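# Breakdown of the fold
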Amino acid sequence: MKQVLITGGGGFLAAWIARRLAARGTRLRLFDVPGAPRTASDIVLPRHASQLDWRQGDIRSADDVRAAMEGCDAVIHLAGVLTPACSANPVRGAEINLIGSLHVFDAARAQGLSKVVYASSAGVYGPAHSRHPEPATHYGAFKLAVEGAARAYWNEHRIASTGFRPFVIYGPGRETGVSAGPSLACRAAVRGIPYTIGFTGACGLVYVDDVAEAFENALFAPAEGAKVFNLVGELHTIDAVIAEIRRQVPDADLRAEGPPLTIAADVTEEGPDELLAAGRRSTLAEGIAATLTHYRSLEESA
Ligand SMILES: NC(=O)c1ccc[n+]([C@@H]2O[C@H](COP(=O)([O-])OP(=O)(O)OC[C@H]3O[C@@H](n4cnc5c(N)ncnc54)[C@H](O)[C@@H]3O)[C@@H](O)[C@H]2O)c1
């Protein structure tokens, strides 16, 4: 593979995917809006700096997306705004999350790419059904619409796709969105400051490097059809997450308040075994330990 475009390249998940791809020698083009964070620089650099080609632009612009994809032979599409931003401004949310995704598929078609790997979300499930997607948020509705469009691009233009529906992704660098609470609680525990996670109830927690591995495997797998997989990780209550952080940092001052997430807590993982290497999934204890270690090393180097 010559060069891989990652849209939303400055973000949290992009950094972890970039880290894996850079380690295997893949050249990367990271596309994001001007002023976006460059999380990959914190997690990938300096060892692989020469493999990162940063491009600025807006996923809402078909021209920007086409220009960013030029010379690339694969794309991982992550650009998007999360649940609170979609609720605050649904039209802007649709322009970025839905129309922006169509721009990616269109550019892939124009440039002869055979496959798009993209982030959907467990948010396609509402609170009532864990098998039947019935989103209860604008964010979930746009993600589900993208999955439908992906099927249409396969049927009409033979652009294959793999979409992943992660539940709550946690780990070093997860600092925005309502479900960032477990990761921010780890950071607060290391800093010795109180923190309140802004939701309660139970959810799937999937460690970020496991998600990155699934994207990496999908990128290099043969492409056929429009596939979508749930990535759930381990199901836990937020109280259990707090208990695990306290087991590892006994004086952590953490609590949770607020409503549960608007996603059925019993969504199950479906069919990712061919993509997510069996036996390499992180337990909650391992994922929290890795997150605490990362934040400790940042504190020590500050
Ligand atoms: N974090 C999770 O728990 C989670 C769960 C399920 C799905 N996802 C999906 O995974 C993807 C990555 O999420 P993340 O956690 O890394 O979020 P993130 O916010 O860290 O990264 C998203 C990136 O998209 C960029 N972006 C936003 N608007 C843009 C625009 N108009 N043009 C170009 N880039 C734009 C942002 O600047 C940001 O860098 C998203 O599509 C998200 O919906 C995340």
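Conventions used here
Residues numbered from 1 in each chain as written. Predicted model: local features only at pLDDT ≥ 70, side-chain atom pairs only at ≥ 80, totals over all residues. Helix = DSSP H or I, 4+ residues; strand = E, 2+ residues; numbered from the N terminus. Rg over C-alpha atoms; globule rule 2.2 N^0.38 Å. Pairing = 2+ DSSP bridges. Axes fitted to C-alpha atoms, helices over the stretch in contact; angles between N-to-C directions. Contact = placed C-beta atoms within 7 Å. Buried ≥ 20, exposed ≤ 12 C-beta atoms within 10 Å, placed from the backbone. Parallel < 35°, antiparallel > 145°, perpendicular 65-115°, else oblique. Left-handed = near helix turned anticlockwise from the far one by under 90°. Near = placed C-beta within 6 Å. Nonpolar A, V, L, I, M, F, W, Y, C, P; charged D, E, K, R; others polar.

A few words on the overall build of the protein chain. Helix and strand counts for the protein chain stand at ten helices and twelve strands. Expected size for 302 residues packed as a compact globule is a radius of gyration near 19 Å; at 18 Å, the protein chain falls within 12% of this value. By principal-axis analysis of the C-alpha atoms, the protein chain measures approximately 55 × 45 × 40 Å.

The subject of this paragraph is the sheet that holds strand β6 (residues 160-166). If you walk across this open sheet you meet the seven strands as β3-β2-β1-β4-β5-β6-β10, and the pairing is parallel. Strand pairing shows two members of the sheet lacking a second neighbour, β3 (52-56) and β10 (226-231), which therefore form its edges. Going from strand to strand, the sheet's axes swing by 20° on average, the running direction of each strand aside. Here β6 runs beside β10; their pairing, made up of six bridges, is parallel. Within β10, the position partnered with Phe-164 by the bridge is Phe-229. Sheet contacts for helix α8 (residues 208-220): β1 (3-7), β4 (74-77), β5 (115-119), β6 and β10; angle to β6, the most-contacted strand, approximately 170°.

Structurally, Gly-171 is set in the loop between β7 (168-170) and α7 (181-191). With 27 C-beta atoms packed within 10 Å, Gly-171 lands in the buried category. With 41 residues separating them in the primary sequence, Gly-171 and Ala-212 have C-alpha atoms 11 Å apart. Discounting residues that sit within four places of it in the chain, Gly-171 has contacts with Ser-183, Tyr-207, Val-208, Asp-209, Gly-287, Ala-290 and Thr-291.

This paragraph deals with the sheet that holds strand β11 (residues 234-237). Spatially, β7-β9-β11 is the arrangement adopted by the three strands of the open sheet, whose pairing is mixed. This sheet does not close on itself; its edge strands, each paired only once, are β7 and β11. Across the sheet, the mean angle from the axis of one strand to that of its neighbour is 45°, orientation sign disregarded. Of the strand pairs in this sheet, strand β9 (residues 202-207) and β11 are connected by four bridges, and their pairing is antiparallel. Each residue of the ladder has a partner; that of Ala-202, found in β11, is Thr-237.

For the rest of this paragraph, the subject is the environment of Arg-38. Examined against the element boundaries, Arg-38 turns out to sit in the loop between β2 (27-32) and α2 (39-43). Residues Arg-38 and Glu-299 lie 261 residues apart in sequence; the distance between their C-alpha atoms is 19 Å. Setting aside anything within four residues of it in sequence, one finds Arg-38 in contact with Gly-10 and Trp-54.

All right, on to the environment of Cys-86 then. Within the secondary structure layout, Cys-86 lies in helix α4 (residues 83-88). Note on Cys-86: 25 C-beta atoms within 10 Å, which makes it buried. Considered as a pair, Cys-86 and Tyr-139 are 53 residues apart in the sequence and their alpha carbons are 5.6 Å apart.

The N-to-C vectors of helix α3 (residues 62-69) and helix α5 (residues 90-110) enclose an angle of 45°; their axes lie 9 Å apart at closest approach. Between α3 and α5, the interaxial angle falls into the category oblique. As α3 runs across α5, the sense of the crossing is right-handed. Counting all contacts with α3, which are made through Ala-62, Val-65, Arg-66 and Met-69, the residues of α5 involved are His-103, Val-104, Asp-106, Ala-107 and Ala-110.

Below, the discussion takes up the site of the ligand. Near the ligand, the surroundings consist of 26 residues, among which Gly-8, Gly-11, Leu-13, Gly-80 and Ala-119 are the closest. Taken together, the elements giving at least two residues each to the shell around the ligand come down to α1 (12-23) and β7. Tallying contributions element by element places α1 first for the shell around the ligand, with three residues. Considered class by class, the residues forming the shell around the ligand number 15 nonpolar, eight polar and three charged.

For the rest of this paragraph, the subject is the packing of α5 against helix α6 (residues 138-157). Close contact between α5 and α6 brings their axes to 10 Å; oriented N to C, the two are set at 20°. If you check the angle between α5 and α6, you find them roughly parallel. For α5 against α6, the interelement crossing comes out right-handed. Residues Pro-90, Gly-93, Ala-94, Asn-97, Leu-98, Ser-101, Leu-102, Phe-105 and Arg-109 of α5 pack against His-138, Tyr-139, Phe-142, Lys-143, Ala-145, Val-146, Ala-149, Tyr-153 and His-157 of α6. Split by residue class, the contact of α5 with α6 holds eleven nonpolar, five polar and two charged.

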